[in-house]
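For reference, the chains in residue letters:
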Amino acid sequence: MSDAAVRKLDTFVAGHPTRSFKKGEIIIFQGEAPRSAFVVKSGTVKAYNLSVNGDEKPVAFYSTYSSFPGSWIYGKVPSAIYYYEAFTPEVTLYLVDREAYVNFIRSDAELLYNELQTYVTGQLGKSMRLNALQHSRASDKLVYTLHYLALSHGRTISPQVVEITLDLTHQDFANLTGLTRETAATELNKLKHQGVISYSKNIPYRLDLNKLMNLLNDQYIADVQVKL
């Protein structure tokens, strides 16, 4: 989001009420018609679905200045199609009238273009996630998912080293890749021994991009540099 768009959004949401949620607390239930649109003030929100077996299937993560649920905000569905849950220890959200938010976005060409950019990059991220899930080998599912996370939720620490800003567990990786927790842990450990990823208790996951890219079998995917 551009600095100008951030300033405009800050001005718009400043007069709206806020609500805070603790990690694991449900913000919107699947099938619920929200009473308002939400804009993230701080923290991270996770959107997910549940399989018929009750397994969690993450769809997206929303951070500061993100709005959700987008499909409901723009009138495409009558209710939320996913669960929305606080992912970080504390999440604070602005509660914004849906019509007021849409009118605010429509009132300014820069805001409209920024919203378009947000949904285009979101679509790219979802296609990369889908590509990762379509691989048959567990190792490939994880490698491509790590590449997606590096682009969408990565922070550059040093040249060719990226830190994943999400506090993910082995179970989170399992949910993201469709693997069992045990398999996800085994594959992560293999990558750790190869020097592709480093992590330990209370230390975020860090990726060596050169080594990660060497494991990607699709040069076009590997060449993606855009920040999602």
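Residues numbered from 1 in each chain as written. Predicted model: local features only at pLDDT ≥ 70, side-chain atom pairs only at ≥ 80, totals over all residues. Heavy atoms only, no water.

Here we look at the overall build of the protein
Rules: Helix numbers and strand numbers start at the N terminus; a helix is a DSSP run of H or I with at least 4 residues, a strand a run of E with at least 2. Each radius of gyration reported is based on C-alpha atoms, and the globular scaling rule is 2.2 Å times the count of residues to the power 0.38. Exposed residues in this analysis have more than 50% of their type's maximum accessible area, buried residues have under 20%, and partly exposed residues fall in between, with area computed by a 1.4 Å probe over protein chains only. Any two residues whose heavy atoms approach within 4.5 Å are treated as being in contact. Accessible areas in this description were obtained via Shrake-Rupley with a 1.4 Å probe; residue shielding takes into account the shown protein chains only. Asp and Glu count as negative and Lys and Arg as positive, but His and the ends of the chain are not part of the count. For this purpose, a charge sits on NZ of Lys, CZ of Arg, CG of Asp or CD of Glu.
Scanning the protein for helices and strands turns up 9 helices and 12 strands. The C-alpha radius of gyration of the protein comes to 18 Å, within 12% of the 17 Å expected for a compact globule of 228 residues. Its C-alpha atoms put the protein at 50 × 40 × 30 Å along the principal axes. The proportion of buried residues among the 228 residues of the protein is 44%. Of the contacts formed within the protein by residues at least 6 apart in sequence, a portion of 68% connects residues at least 24 apart. Element-wise, carbon and sulfur atoms account for 51% of the exposed surface of the protein, whose accessible area totals about 12,100 Å². Counting 24 positive and 22 negative side-chain charges, the protein places the centres of these two groups 3 Å from one another.

Observations concerning unusual backbone geometry
For the bond from Phe 68 to Pro 69, the omega torsion is -10°, close enough to zero to count as cis. With respect to the element layout, Pro 69 can be found in the loop between strand 6 (67–68) and helix 2 (70–73). Positive phi, close to 65°, is recorded for Asn 202, a residue that is not glycine. Following the sequence through the fold, Asn 202 ends up in the loop between strand 11 (197–200) and strand 12 (203–208). Using a relative accessible area of 75% as the deciding quantity, one classes Asn 202 as exposed.

Observations concerning the layout of surface pockets
In plain terms, the rule: Only protein atoms enter the 1 Å grid, on which a cavity is a set of points fitting a 1.4 Å probe that cannot get out and a pocket is an open set with protein on both sides within 12 Å along at least 5 of 7 lines, lining residues being those with an atom within 4 Å of a point. Grid points are joined across faces, edges and corners, and a volume is the space filled by probe spheres set on the points. Nonpolar residues are Ala, Val, Leu, Ile, Met, Phe, Trp, Tyr, Cys and Pro. Charged residues are Asp, Glu, Lys and Arg, and all others, Gly as well, are polar.
In this model, the largest pocket occupies a volume close to 1,500 Å³. Contributing to the lining of the largest pocket are 48 residues, with Ser 66, Thr 118, Tyr 119, Thr 121 and Gly 122 lying nearest its centre. Among the secondary structure elements, those contributing two or more residues to the lining of the largest pocket are helix 1 (3–13), strand 5 (56–62), helix 2, helix 3 (98–106), helix 4 (109–134) and helix 5 (138–152). The element that contributes the greatest number of residues to the lining of the largest pocket is helix 4, accounting for 16 residues. Within the lining of the largest pocket, the residues separate by chemical class into 24 nonpolar, 18 polar and 6 charged.

Quick word on the pairing of strand 9 (residues 154–158)
Two faces make up the sheet, and in a regular strand the side chains alternate between them. To keep it simple, the criterion reads: Pairing between strands is defined by DSSP: at least two bridges between them are needed.
Sheet analysis places strand 9 next to strand 10 (residues 161–164), joined by 4 bridges and oriented antiparallel. Bridge pairing links Gly 154 to Ile 164 in strand 10. From the end of strand 9 to the start of strand 10, which pair antiparallel, there are 2 residues, and Gln 160 there has a positive phi angle of about 70°.

Observations concerning the nonpolar core
Cut-off, in case you're wondering: As used in this record, nonpolar core signifies buried Ala, Val, Leu, Ile, Met, Phe, Trp, Tyr and Cys residues forming a set joined through side-chain atoms within 4.5 Å.
Of all hydrophobic cores here, the largest spans 28 residues; its most connected members are Leu 146, Leu 149, Ile 164, Leu 168, Phe 173, Ile 197 and Tyr 205. Elements supplying a minimum of two residues to this core: helix 5, strand 10, helix 6 (170–177), helix 7 (181–193), strand 11, strand 12 and helix 8 (209–215). Considering each element in turn, this core owes the most residues, 7 residues, to helix 5.

Focus on the packing of aromatic side chains
The condition that has to hold: Geometry of aromatic contacts follows a simple scheme: Phe, Tyr and Trp rings, the Trp one being its six-membered ring, pair when their centres are within 6.5 Å, and the pair is stacked under 30 degrees between planes, edge-to-face over 60, tilted otherwise.
For the structure on display, the rule yields 12 aromatic pairs. Relative to Phe 87, the ring of Phe 61 lies with its centre 5.1 Å away and its plane at 65°, an arrangement referred to as edge-to-face. You can see Phe 61 sitting in strand 5 and its partner Phe 87 sitting in the loop between strand 7 (83–86) and strand 8 (90–96), a full 26 residues away along the chain. Summarising the burial analysis for this pair, Phe 61 and Phe 87 share the class buried. Geometrically, the ring pair formed by Tyr 74 and Tyr 119 is edge-to-face, given 6.2 Å between the ring centres and 85° between the ring planes. Placement of Tyr 74 in the loop between helix 2 and strand 7 and of Tyr 119 in helix 4 is noted, with a sequence separation of 45 residues between them.

With respect to helix 4
So the rule is basically this: Helices are assigned an expected span. That span is 1.5 Å times one less than the residue count. By the criterion applied in these results, polar contacts are pairs of N or O atoms within 3.5 Å in which, for protein atoms, one can donate a hydrogen and the other can accept it, and in which residues neighboring in sequence qualify only through two side-chain atoms.
An ideal rise of 1.5 Å per residue puts 38 Å on 26 residues; helix 4 measures up with 37 Å between its terminal C-alpha atoms. Buried within helix 4 are the following residues: Leu 111, Asn 114, Glu 115, Gly 125, Met 128, Arg 129 and Ala 132. Elements in contact with the buried residues of helix 4: helix 1, strand 5, strand 6, helix 3, helix 5 and helix 6. The opening residue of helix 4, the one whose side-chain oxygen lies 2.8 Å from the backbone nitrogen of Glu 110, is Asp 108.

Quick look at the pattern of salt bridges
Definition in use: In what follows, salt bridge is the name for a side-chain nitrogen of Lys or Arg lying within 4 Å of a carboxyl oxygen of Asp or Glu.
With the rule as written, the count across this model stands at 10 salt bridges. Between Lys 22 and Glu 90 there is a salt bridge whose closest N-O contact spans 3.5 Å. On the criterion of sequence distance, the pair formed by Lys 22 in strand 1 (residues 18–22) and Glu 90 in strand 8 is long-range, its members being 68 residues apart. Of the residues examined, Glu 90 reaches a relative accessible area of 41% and is grouped as partly exposed.

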